[in-house]
Amino acid sequence: MRPLPLLIILMVLDHVAFNGGRIAVSLTAISQGASPLTVGLLMASFALLPALLAVPAGRWIDGVGVQRPMMVGSVGVGLGTLLPFLAPQLPGLAVASVLIGVSFMLINVAAYHAVGELSSAEDRTANFSYVALGFSTSSFIAPLLTGVSIDQLGHRSSFLVLALFTVMPAAVLALVGLPNTRRKPVALPEGGSAAKPRLFDLLRSPQMRHLFIAIAVLTVAWDIYTFAMPLYGTQIGLSASQIGIVMGSFAAASFMVRLAMPFVAARVAPWQLITVSMLLAAASYAAIPFSHEVGTLMAIMFVLGASLGAPHPMVLTLLHHSAPEGRAGEAVGLRTMFINTSQTAMPLVFGVLGAALGLAPLFLAMTAALLGGGAMARRVARTQQGR
């Protein structure tokens, strides 16, 4: 099998275990009478250490290639999902949360780095789109599989089912492997000495700074949707099924737009797409506080899902193109650090602001941030067109 399809299959299998593990840990803790605070801490445990370790992991991957980190990650996710089967009490769930989170972070950074290195400049965005489609598929499978497993087999056995998904990736990586993606060291000037790379050197170039501003805005926009829409739906009197239908519209749009990205990428410049995406997302957030019907919210969520789903492959392509020679893995690690930091801290920030001010100011503040990000992206797009 060609390396890229194999890589995507392995990622999807590991992501089913990771995503299902998050759901199973939460539901198992709730079934044991854990408080909302305890459940929140368990969920934060999936992202806290990955936020701290993503950049060092990226540097390691730059040095050794992707096969060993992905194999370590697959084994780690397998052990993490197996642990609650052996020790289903809260301490076991806590250790599993940390182990699964850190291990999948390794897989995520390594695999994105590998896709970038295995792609040419012409097909890189399309290949990142295929990876995003794979993640969309596993994000659909994991909740369904986990829910059915818990209902039919019980909370404890559901973890064993999830652990089985990591067996094939670990075995393939150990026995077959992936092509080496380690870059050759950058040649130093004669008489020069190697200086230890510093994290924020990555942000010295305006191109990288603009890109990470865009990443930060888009990440927070996605996190606000995840946190606030269930609360907003409850506030306006929607049932759980109606909230699920509304949020399903977001997921459907995200999947569809990623399916179309290879076609779009060939015709639209990356920063132009990011500009349009941010402005459409801003319009969506501005409309939410004035919408109270399921049909209207479904339409808004469809636009928002397409707006936030479309830039993902483009951002990864720009990140790979803009990273300094030999530091692409570190750049992907920095992106992962941003995402995991947001997933750890933003629910707390959103909760405090939402309790103090209500959800409408939160949506409008996100509108303003997206408008600012869209204006920045438009300037970058115009600058690149003028070259």
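Chemist: Give a description of the overall build of the chain that names residues and reports values.
Modeler: Scanning the chain for helices and strands turns up 14 helices and zero strands. Put simply, the chain runs from its N terminus to its C terminus through helices and strands in the order α-α-α-α-α-α-α-α-α-α-α-α-α-α. In the chain, which comprises 387 residues, the share counted as buried stands at 49%. A sequence separation of at least 24 residues applies to 84% of the contacts in the chain between residues at least 6 apart.

Chemist: Go over the packing of helix 1 (residues 3-31) against helix 6 (residues 155-164), please, and point to the residues and values.
Modeler: Two numbers describe a pair of packed helices, the interaxial angle and the distance between the axes. At a minimum axis separation of 10 Å, helix 1 and helix 6 run at an interaxial angle of 170°. By the angle between their axes, helix 1 is roughly antiparallel relative to helix 6. Packed against helix 1, whose contacting residues are Val16, Ala17, Gly20, Gly21, Ala24, Val25, Leu27, Thr28 and Ser31, the element helix 6 presents His155, Ser158, Phe159 and Leu162 at the interface. Per-class residue counts for the contact of helix 1 with helix 6 are seven nonpolar, six polar and no charged.

Chemist: Which residues make up the side chain of Ser138, and what values go with them?
Modeler: Looking at where Ser138 falls in the secondary structure, it is placed in helix 5 (residues 124-153). Taking the relative accessible area as the measure of exposure, Ser138 reaches 0% and is therefore buried. Of the polar contacts made by the side chain of Ser138, one reaches the side chain of His15; its length is 2.6 Å.

Chemist: Which residues make up the environment of Met71, and what values do they have?
Modeler: Inspection of the secondary structure assignment puts Met71 in helix 3 (residues 67-86). Through-space distance from the C-alpha of Met71 to that of Val172 is 8.8 Å; in sequence the pair is 101 residues apart.

Chemist: How would you explain the packing of helix 4 (residues 90-118) against helix 5 if you had to name every residue and give the values?
Modeler: Direction vectors running N to C along helix 4 and helix 5 enclose 150°, while the axes themselves pass 9 Å from each other. What the angle tells us is that helix 4 and helix 5 run roughly antiparallel. When you trace helix 4 past helix 5, the crossing you get is right-handed. Residues Phe104, Asn108, Tyr112, Val115 and Gly116 of helix 4 form the contact with helix 5, whose participating residues are Arg124, Asn127, Phe128, Val131 and Phe135. Each residue belonging to the contact of helix 4 with helix 5 can be placed in one class, and the counts come to six nonpolar, three polar and one charged.

Chemist: Residues and numbers for the side chain of Thr367, please.
Modeler: Take Thr367: it is sitting in helix 14 (residues 359-385). Exposure remark for Thr367: the relative accessible area of 10% places this residue in the buried category. Polar contacts involving the side chain of Thr367 include one to the main-chain carbonyl oxygen of Ala282, which spans 3.5 Å. Discounting chain neighbours no more than four positions away, the residues touching Thr367 are Ala282, Tyr285 and Ala286.

Chemist: Explain the nonpolar core to me, using residue names and the numbers behind them.
Modeler: Judged by nonpolar contacts, the single largest core of 90 residues is most densely connected at Trp271, Tyr285, Met301, Phe363 and Leu370. Here the element with the most residues in this core is helix 4; it accounts for 14 residues. Among all residues touching Trp271, those that are not within four sequence positions of it are His210, Leu211, Ala214, Leu318, Met376, Ala377, Val380, Ala381 and Gln384. Counting five residues, the second largest nonpolar core, distinct from the first, contains Val257, Leu273, Ala310 and Met314.

Chemist: Residue-level account of helix 6, with values.
Modeler: It helps to recall that an α-helix has 3.6 residues per turn; residues three or four apart then point in one direction. Every buried residue of helix 6 is listed here: Ser158, Phe159, Leu162 and Ala163. The arc that holds the buried residues of helix 6, viewed along the axis, is 140°, so those residues lie on one side.

Rules used throughout
Residues numbered from 1 in each chain as written. Predicted model: local features only at pLDDT ≥ 70, side-chain atom pairs only at ≥ 80, totals over all residues. Heavy atoms only, no water. Helix = DSSP H or I, 4+ residues; strand = E, 2+ residues; numbered from the N terminus. Buried < 20%, exposed > 50% of the residue type's maximum accessible area, 1.4 Å probe, protein only. Contact = heavy atoms within 4.5 Å. Axes fitted to C-alpha atoms, helices over the stretch in contact; angles between N-to-C directions. Parallel < 35°, antiparallel > 145°, perpendicular 65-115°, else oblique. Nonpolar A, V, L, I, M, F, W, Y, C, P; charged D, E, K, R; others polar. Polar contact = N/O pair within 3.5 Å; in protein donor to acceptor, adjacent residues only side chain to side chain. Left-handed = near helix turned anticlockwise from the far one by under 90°. Core = buried A, V, L, I, M, F, W, Y, C linked by side-chain atoms within 4.5 Å. Arc of directions from axis to C-beta.

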